[in-house]
Protein chains: 2
Amino acid sequence: MVTPVLIGIDWGSTSLRAFLIGADGSVLREHAAAKGASTLHGHPAFVAALDEVAGAWRRAQPPLPLLACGMVGSQHGWLEVPYVRAPAGATELAGGLAQPGDTALRIVPGVLCNDGLLPPDLMRGEETQIVGALAQHPQLADSCVILPGTHSKWTHVAQGRIGRFATHMTGELYAVLRQHSVLGRLMPPEVTPDMDAFLAGVTAARDHGELGLPHQLFAVRSLGVTARLRPGALPDYLSGLLIGHELRAGLAWRAGHGLRELPLALVGAAPLCERYQLALAHCGQAADLVLDNTAPAGLLALARAARLLS
Amino acid sequence: MVTPVLIGIDWGSTSLRAFLIGADGSVLREHAAAKGASTLHGHPAFVAALDEVAGAWRRAQPPLPLLACGMVGSQHGWLEVPYVRAPAGATELAGGLAQPGDTALRIVPGVLCNDGLLPPDLMRGEETQIVGALAQHPQLADSCVILPGTHSKWTHVAQGRIGRFATHMTGELYAVLRQHSVLGRLMPPEVTPDMDAFLAGVTAARDHGELGLPHQLFAVRSLGVTARLRPGALPDYLSGLLIGHELRAGLAWRAGHGLRELPLALVGAAPLCERYQLALAHCGQAADLVLDNTAPAGLLALARAARLLS
């Protein structure tokens, strides 16, 4: 039986996942709750949410350290934890932990990337997943790591630290266009995945992306109105178009920064990573490594670097 | 005093404008109402709306002909009027008019463009504006006409007919991202125009558009979070970024189809055309002609072509 050494929390905007983590990085127990940082208001609400998901684990003796990452550390979270500047690895991140009030919880900072004259870029939560991926797979010390999601991150990891990175709002564009734009109107509320339609969208972005996303998006409507695609296929065509545009720009970014020889890793929820893997292959690019949730491993590595473990 | 010869209606999704039109194309009277086609359900609701905006004008003797364009002729309108295929001019459009039930109203069809292997494109309402622009400015018989809006249209007019065209969902992207995405969260509800921020967005698209729209959009957030742009400047930065991406793709489309030597016209609401004119100039391109609402002139020309005038 592995002994628990840490309570780790992946605390996002809309939900949280709490992990009871063993010394070897294994997840011994897990709780999920709809207590996202943007749904809670005021210190007592966060204290109560924390007690709800981790209170029972905390009452063990001696009390386990508590470490959280994600939007809980943002302006609209529990406590705004200042961004650490890239390049940043476990040491820099551990040096930036912050504690809300007199609680036992520490929160991991996000990372700010300043890429010359371009606008800055930001991550909060993904830094911990990257640290976890590095802890499990040391060969990623020099790599390109893609974390697909609401705000996908393309990251250059250099000498074990987060270097330059770029956010793509792919997942959020999908959600708002499906729910709030004319494109969603022809789509049925429930659909089964249609990978042919998905790849047709990827192909359109890959082969004709220069026509521009604002133009190509309209095809979701025109293909539906003219019955060239059935209504149930439209969500996946939209998904393919958006992910295709992300890959088109992301692969060019990776090549432009001379990262083509480095291992390419996908880190995130399995179904989404599968979708990205398929789209990458469609663009002639293999993923060298595909990892599921690495946040617990990252929280453990950061707790170690901050000497929180007894 | 000019004699009225036609009641024309520009009947969109969310609102309508009715015009009492003189033989010389002048607008003698105008009514606007929040009776958009997507807000009305069933034949009697449309009949009542029509009577509300045009009933008084109709009761004159002899009764004036009635002609409407726009989404009133769509699947979700009063009567679905089949699209006419491009190339289409006033003659083809007049040949496709349809009449809902036993009413006196005729509705202009939209236009469908089939550009080889690419997805089809659609317009409904803009065809009438283009016909109006051509009626007023015969030099546009061979031209490139841009109609900025919720769904901007870039149109190749060839020998006085609508040829190939491309829709860009620029205006709708702006609205849904501002109202429903994380980008809107830092924006104050009311702002004054900030043309510096607008041009900064255009510049980002012009100079670094290859980084991809899904990526560049995130700068609206990162520039706000890091206080590089004040909250009141973010809406116009977003506007500039989106219009910049439309121009980047649209100007390449225009060049790719050999239309660079043709006159370039902007047709639409004056404040939006001004914005596009500024962005075009920022991309080294002058607009040869800028026209305000040409729908009444288009409705008159189509009524003439269909021999509806007495």
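Positions within a chain are numbered from 1, following the residues in the order the chain's sequence is written. Chains carry letters from A onward and ligands carry numbers from 1 onward, assigned in written order. At least 70 in pLDDT is required for a residue's local features to be given in this predicted model, at least 80 for side-chain atom pairs to be given and counted, and no such filter applies to totals for whole chains, interfaces and linings, which use all residues. Neither water nor hydrogens contribute to the side-chain values; these are computed over all heavy atoms in the structure.

An unreviewed UniProt entry lists chain A under the name 2-dehydro-3-deoxygalactonokinase, from [Empedobacter] haloabium.

Asks: Describe the environment of G149 of chain A, with residues and values.
Replies: Strands are runs of DSSP state E lasting at least 2 residues, helices are runs of H or I lasting at least 4, and numbering of each runs from the N terminus. Tracing the backbone shows G149 of chain A in the loop between β9 (143-147) and β10 (152-158). As a C-alpha pair, G149 of chain A and V290 of chain A span 141 residues in sequence and 14 Å in three-dimensional space.

Asks: Quick one: what's the story with helix α5 (residues 195-208) of chain A, residue by residue and with numbers?
Replies: Residues and elements named next belong to chain A. Given a rise of 1.5 Å per residue, 14 residues ought to cover 20 Å, and the 19 Å separating the end C-alpha atoms of α5 matches this to within 8%. Buried means the residue's accessible area, taken with a 1.4 Å probe over protein chains only, is under 20% of the maximum for its type, while exposed means over 50%, and partly exposed covers the values in between. When α5 is considered as a whole, its buried residues turn out to be A197, F198, G201, V202, A204 and A205. Buried residues of α5, viewed axially, fall in a sector of 155°; they line one side. Whether two residues are in contact is decided by their heavy atoms: any pair within 4.5 Å suffices. In this fold, the buried residues of α5 make contact with α6 (213-216), α8 (234-256) and α9 (270-282). By the criterion applied in these results, polar contacts are pairs of N or O atoms within 3.5 Å in which, for protein atoms, one can donate a hydrogen and the other can accept it, and in which residues neighboring in sequence qualify only through two side-chain atoms. Two or three places before D196, at the start of α5, stands the capping residue D194, its side-chain oxygen 3.1 Å from that residue's backbone nitrogen. A helix is expected to span 1.5 Å multiplied by its residue count minus one. By definition, the arc is the one covered by directions from the helix axis to the C-beta atoms.

Asks: How would you sum up the packing of aromatic side chains? Please name residues and give values.
Replies: All names here are of chain A. Two rings from Phe, Tyr or Trp (for Trp, the six-membered ring) form a pair when their centres sit within 6.5 Å of each other. Planes less than 30 degrees apart are called stacked, planes more than 60 degrees apart edge-to-face, and all others tilted. Scanning the model with the defined rule gives six aromatic pairs over all chains in all. An angle of 20° between the planes, with centres 5.2 Å apart, marks the rings of F46 and W78 as stacked. Pair noted here: F46 is in helix α1 (residues 43-58) and W78 is in the loop between β4 (66-69) and β5 (84-85), with a separation of 32 residues, a long-range link. For W78, a relative accessible area of 12% translates into the label buried. Aromatic rings pair up to connect W11, F46 and W78 into one cluster. The residue whose ring lies beneath R124 is Y83, and the NZ or CZ to ring-centre distance is 4.3 Å. To sit over a ring, a charge needs its Lys NZ or Arg CZ within 6 Å of the ring centre and within 35 degrees of the ring normal. The cationic tip of R275 hangs over the ring face of F198; the distance from NZ or CZ to the ring centre is 4.8 Å.

Asks: Could you give an account of the sheet that holds strand β7 (residues 111-113) of chain B, naming the residues involved and the relevant values?
Replies: Residue and element names in this part refer to chain B. On the basis of which strands lie adjacent, the open sheet formed by three strands has the order β5-β7-β8 and mixed pairing. Bordering the open sheet on either side are β5 (84-85) and β8 (121-123), each of which pairs with just one other strand. A pair of strands is labelled paired if DSSP reports no fewer than 2 bridges between them. Where β5 lies against β7, two bridges are found, and the strand directions are parallel. Paired with V84 across the bridge in β7 is V111.

Asks: Hey, could you go over the pattern of salt bridges for me, with residue numbers and the actual values?
Replies: Side chains bearing opposite charge may pair, as long as their charged atoms lie close to each other. Residues and elements named next belong to chain B. We define a salt bridge as a side-chain nitrogen of Lys or Arg found within 4 Å of a carboxyl oxygen belonging to Asp or Glu. Tallying each qualifying case throughout the model produces 16 salt bridges over all chains. D51 is the salt-bridge partner of R59, the closest N and O atoms lying 3.5 Å from each other. What makes R59 exposed here is its relative accessible area of 58%. Judged by its relative accessible area of 42%, D51 falls in the partly exposed class. Between E92 and R161 there is a salt bridge, with its nearest N and O atoms 2.6 Å apart. A residue pair is termed long-range when its members are at least 10 positions apart, and E92 in helix α2 (residues 90-94) and R161 in strand β11 (residues 161-168) qualify at 69 residues.

Asks: Kindly report on the nonpolar core, identifying the contributing residues and their values.
Replies: Nonpolar cores were defined as sets of buried Ala, Val, Leu, Ile, Met, Phe, Trp, Tyr and Cys residues, with membership established by side-chain atoms within 4.5 Å. If you look at the biggest cluster of nonpolar residues, it comprises 50 residues, and the most contacted ones within it are L217 and Y237 of chain A together with L217 and Y237 of chain B. Counting only elements with at least two residues in this core, the list comes to α4 (170-180), α5, α7 (218-225) and α8 of chain A together with α4 (170-180), α5 (195-208), α7 (218-225) and α8 (234-256) of chain B. Those residues in contact with L217 of chain A that sit more than four places away from it in its chain are L177, L183, L238, L241 and L242 of chain A together with M169 and L173 of chain B. One finds V111, M123, L134 and L299 of chain B within the second-largest nonpolar core, a separate group that totals 34 residues.

Asks: How would you summarise the domain arrangement of chain A if you had to cite specific residues and measurements?
Replies: Residue and element names in this part refer to chain A. Partitioning chain A into domains gives domain 1 (4-137 + 295-305) and domain 2 (170-291). Across the contact, four residues belong to domain 1 and four residues belong to domain 2. In total, about 320 Å² of surface goes out of reach between domain 1 and domain 2, with carbon and sulfur atoms giving 69% of it. It is Q129, A133 and H137 that lose the most area in domain 1 upon contact with domain 2, and together they represent 79% of the buried surface on that side. Between domain 1 and domain 2 we count zero residue pairs in polar contact (both at pLDDT 80 or more) in total. Following the grouping adopted for this structure description, the nonpolar residues are Ala, Val, Leu, Ile, Met, Phe, Trp, Tyr, Cys and Pro, the charged ones are Asp, Glu, Lys and Arg, and the polar ones are all others, Gly among them. Counted by class, the side of domain 1 that touches domain 2 contains one nonpolar, two polar and one charged residues. All domain edges in this entry derive from an automatic or database-based domain assignment. Summed over both partners, the accessible area (1.4 Å probe) lost when two parts come together is defined as the buried area.

Asks: Describe the state of the cysteines, and please don't skip the residues or the numbers.
Replies: Residue and element names in this part refer to chain A. We call a pair of cysteine sulfur atoms a disulfide whenever their separation is within 2.5 Å. Overall, the coordinates contain zero disulfides over all chains when judged by the stated rule. There is no disulfide at C69, and the cysteine sulfur nearest it, in C273, is 16 Å away. Free cysteine: C113, not disulfide-bonded; nearest cysteine sulfur from C144 at 13 Å.

Asks: How would you summarise the sheet that holds strand β7 (residues 111-113) of chain A if you had to cite specific residues and measurements?
Replies: The strand order across the open sheet formed by three strands is β5-β7-β8 (chain A), and the pairing between neighbours is mixed. The sheet is open, and its two edges are formed by β5 and β8 (121-123) of chain A, each paired on a single side.

Asks: I'd love a proper account of α9 of chain A, names of residues and values included.
Replies: Residues and elements named next belong to chain A. With 13 residues, α9 extends 18 Å between its outermost C-alpha atoms, agreeing within 8% with the 18 Å of an ideal straight helix rising 1.5 Å per residue. Taken together, the buried positions of α9 are C273, R275, Y276, A279 and L280. Mapping the buried residues of α9 onto a view down its axis gives an arc of 155°, with all of them on the same face. Every exposed residue of α9 that faces more than 90 degrees away from the buried side is listed here: P271, E274 and A281. One or two steps after α9, the chain reaches G284, where phi turns positive at roughly 75°.

Asks: Provide a residue-level description of the relation of the copies chain B and chain A, including the pertinent values.
Replies: A residue counts toward the fit only if its pLDDT is at least 70 in both copies, and the copies are then superposed by least squares on the C-alpha atoms of those residues. When chain B is fitted to chain A, the best match, at an RMSD of 0.0 Å, comes from turning it 180° and sliding it 0.0 Å along the axis. Such a combination of rotation and displacement between the chain copies is what one expects of a two-fold axis. Taken together, the interface assignments show that 100% of the residues at the interface of chain B recur at the interface of chain A, consistent with an identical surface on both copies.

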